[in-house]
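Fold and contact review
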Amino acid sequence: MKAFILLMLILFATSMASAEGRGMHLIHPQGSGLVVTGLKRDGDLHATFAGQTWVSGTVIGRWPDGATNRHYKDPEFVLVPDPESVEKLPYFLLRQPPYFHRYKVRYVELMNGPAALRIAAGDAPVRRLLQRRVNHVTVSGRFLMEHYTVGVECDAPWARAVLLKAEPLEQRTTHNGVLAGC
């Protein structure tokens, strides 16, 4: 186990050196509960993490442009962290004079979409969303996530994770406004 941890630290240090040489720095706040397992530069810059962390915010399952827009086959599922949680999540920093930009996480794409919303909101709201009976479902609260990955692509931050548990506070659904009748 010690050899594995040492190997991971050596690999991480060499990866960080190549990233830092290009002006990009991985910012990893203490206390996140996440451990860096990799840093890659092929295609886009991203870092992967092991471990779990609690994030406060809002889980959203929504149809882009509304449930009646049939151009989308699947709804989007994201976790929008509150400002305190944003400060705890790892992100990238560009420090290459004259440029200085923090690529903090705006939202986390939930890789287990419908299952994540089911964990947070229950079966009925997910069923109504997937049947296009509502435009979106939102649930505010605290959420446990793992398999966190963060990156920057085309000067835009992105993040992905799997939602494991939810402690919901408030739930809302928005109907698509379809009127009954002729």
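All of the points below concern the structure found in this document.

Quick look at the pairing of strand 4 (residues 76–81)
Inspection of the sheet shows strand 3 (residues 45–62) paired to strand 4 by six bridges, in the antiparallel sense. Its bridge partner being in strand 4, Gly61 is matched across the sheet by Phe77. Sheet topology note: the strand 4/strand 7 (residues 108–110) ladder contains two bridges and is antiparallel. Directly across from Leu79, in strand 7, lies its bridge partner Val108.

What to know about the pattern of salt bridges
Under the counting rule described, the total for this entry stands at five salt bridges. A salt bridge links Arg160 to Glu109, with the nearest nitrogen and oxygen atoms 3.5 Å apart. With Arg160 in strand 9 (residues 156–175) and Glu109 in strand 7, this pair connects stretches of sequence that are 51 residues apart. Classification of Arg160 as partly exposed rests on a relative accessible area of 33%.

With respect to the packing of aromatic side chains
Each aromatic ring pair is specified by the distance between its two centres and by the angle formed by the two planes. Taken as a whole and judged by the stated rule, the model has one aromatic pair. A cation over a ring is seen here: Arg132 above Trp63, with NZ or CZ 3.7 Å from the ring centre. Over the ring of Trp158 we find Arg160, and its NZ or CZ is 4.2 Å from the ring centre.

Some points on the pairing of strand 8 (residues 134–153)
Most of strand 8 is tucked away: 14 of the 20 residues are buried. The pairing of strand 3 with strand 8 spans 15 bridges and is antiparallel. Counterpart to Ile60 in the pairing with strand 8 is Thr138.

What counts, and at which threshold
- Residues numbered from 1 in each chain as written.
- Predicted model: local features only at pLDDT ≥ 70, side-chain atom pairs only at ≥ 80, totals over all residues.
- Heavy atoms only, no water.
- Pairing = 2+ DSSP bridges.
- Helix = DSSP H or I, 4+ residues; strand = E, 2+ residues; numbered from the N terminus.
- Salt bridge = Lys/Arg side-chain N within 4 Å of Asp/Glu carboxyl O.
- Buried < 20%, exposed > 50% of the residue type's maximum accessible area, 1.4 Å probe, protein only.
- Phe/Tyr/Trp six-rings, centres within 6.5 Å; stacked < 30°, edge-to-face > 60°.
- Lys NZ or Arg CZ within 6 Å of the ring centre and 35° of its normal.

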